[in-house]
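# Tertiary structure, described
Here is how the chains run, residue by residue.
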Amino acid sequence: MIIVVDNKVTAAEHCLGDVGEVILVDASQIDRGLLLDTRATALVVRTATRVDDRLLAGTAVRFVGTATAGVDHIDTTALARRGITLADAAGANAAAVCEYVLRTIFEHTLHPAPKHGRGERSRGDVDDSRARPLHVGIVGYGHVGRRLSTSLRGMGVTVAICDPPLAEAHRCARGFIDLDAIFRSCNVVSLHVPLTSSGRHPTHHIVDGPRLSSWSIDRPLLINTSRGAVLDTDSLFNRDLRHIALALDVWEGEPDAIRWALLSQPGLRIVRASPHIAGYSMQAKLAATLRIRRQLLRDAGLEKPVYPTSFPTISSRPPPPIEIDLSGIVCAHEATARVLARLCPVEASDRLFRALAQRPPPAQSEGFHRLRPSTPNRIALAGRRVLLRNRRASADLRALLRHFRWLGTKIEDIANHPVQNA
């Protein structure tokens, strides 16, 4: 078996080398001529490669794997017609996306800190007013949506779910609400739907400028980590939507036709702008490649170990603990935001992405192609150890423990003694 693989797919040689001959190439080199010349029978790609009749015509490809959750870059109808097996990595990055979204929610739903005297917070006050009551609407109840819902509910956050196809398919409309109700009742909305343009419930442009203009809840937050075209970008121009905080990890038209002018619109407040990296953790990428291996073995009828002997694992030793100073923080919500910011760093990606908007168009596209694979992989929160210093007594440690228990992170208050997550 000859397997052509995008060379940005993590650990491809380790995971697939004992299944067949692996040929690693840059995504820009994957074309019909290459597949014909190599006589490849399997192809493994990322979103950078469009897989359709034009690419596959006359080739020997019988298996296509994508190291991504979404498959909108693949003509699934063409594959089905040709009898080609399609394998995706749906769910492999669910934990990483969930962590990105949680960091965004806790970071951008704090009231401004009250000022006392010469502009400093009163040392004796318990500043619980900084933590706004959260009512999070999750649109799309797949791998990420379910995981996010479980984490938020475990943290004591009120959650509403919108997923019309799932509600209809499983007759479970009870407990689900429609999109209009989500925007009427929730101060945070997070999008986790596949991109579809047909059927009873297409997701293309389900959120647009008019809908956001009518979102009248105080200081709402919209997060999109699904697909760029779920949000109608053109309808956002020339509108005053500054009452909404926008956190965008995906962009309509990416990678080559992003509307970069969106970042400089005076009527928009984009608090997070990242280059489609919400799901980028080392564990997520390894899990995606391993999932493709499993499906390729099954499709080829090969009996081999699920984990190849050369498979690179995260060290059996946990990563070193992170020490976090909570000086000046007096509520669990704010403390959670600070801990998540350290464990899920995305500031550099945001800064580099915004810098691309200042460059000429050809350089923007090229820069986006380079930025995503060069983004350092985060380490998943599960199994991490956090040491807290200078925790004020008013920052309820029990609340912190409850928040991070659902993420598998161990919290210790080193000012007193280690505290086991309950």
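Here is a short report on the structure shown in this document. From a predicted model like this one, the values you see are computed outputs, not experimental measurements.

To continue, consider the sheet that holds strand S8 (residues 188-191). Here six strands make up an open sheet; going across it, the order is S7-S6-S8-S9-S10-S11 and the pairing parallel. Looking at which strands have only one partner, the edges of the open sheet turn out to be strand S7 (158-162) and strand S11 (269-273). Taking the axes of each pair of neighbouring strands and ignoring which way they run, one obtains an average angle of 20 degrees across the sheet. With four bridges connecting them, strand S6 (residues 135-139) and S8 associate as parallel partners.

This brings us to the sheet that holds strand S14 (residues 410-413). A sheet is described by the order of its strands in space; here three strands give the open sequence S12-S13-S14, paired in parallel fashion. One side of each edge strand has no neighbouring strand; the edge strands of this open sheet are strand S12 (322-325) and S14. Direction aside, the axes of adjacent strands within the sheet are offset by 25 degrees on average. As paired elements, S12 and strand S13 (residues 385-389) share four bridges and run parallel to each other. Within the sheet, the bridge partner assigned to Glu-323 lies in S13 and is Leu-387.

Here we take up the pairing of S11. A large share of S11 lies buried, amounting to four of its five residues. The pairing of strand S10 (residues 245-248) with S11 spans four bridges and is classified as parallel. Counted as the bridge partner of Ala-245 is Arg-269 from S11.

About the criteria used
Residues numbered from 1 in each chain as written. Predicted model: local features only at pLDDT ≥ 70, side-chain atom pairs only at ≥ 80, totals over all residues. Heavy atoms only, no water. Pairing = 2+ DSSP bridges. Helix = DSSP H or I, 4+ residues; strand = E, 2+ residues; numbered from the N terminus. Axes fitted to C-alpha atoms, helices over the stretch in contact; angles between N-to-C directions. Buried < 20%, exposed > 50% of the residue type's maximum accessible area, 1.4 Å probe, protein only.

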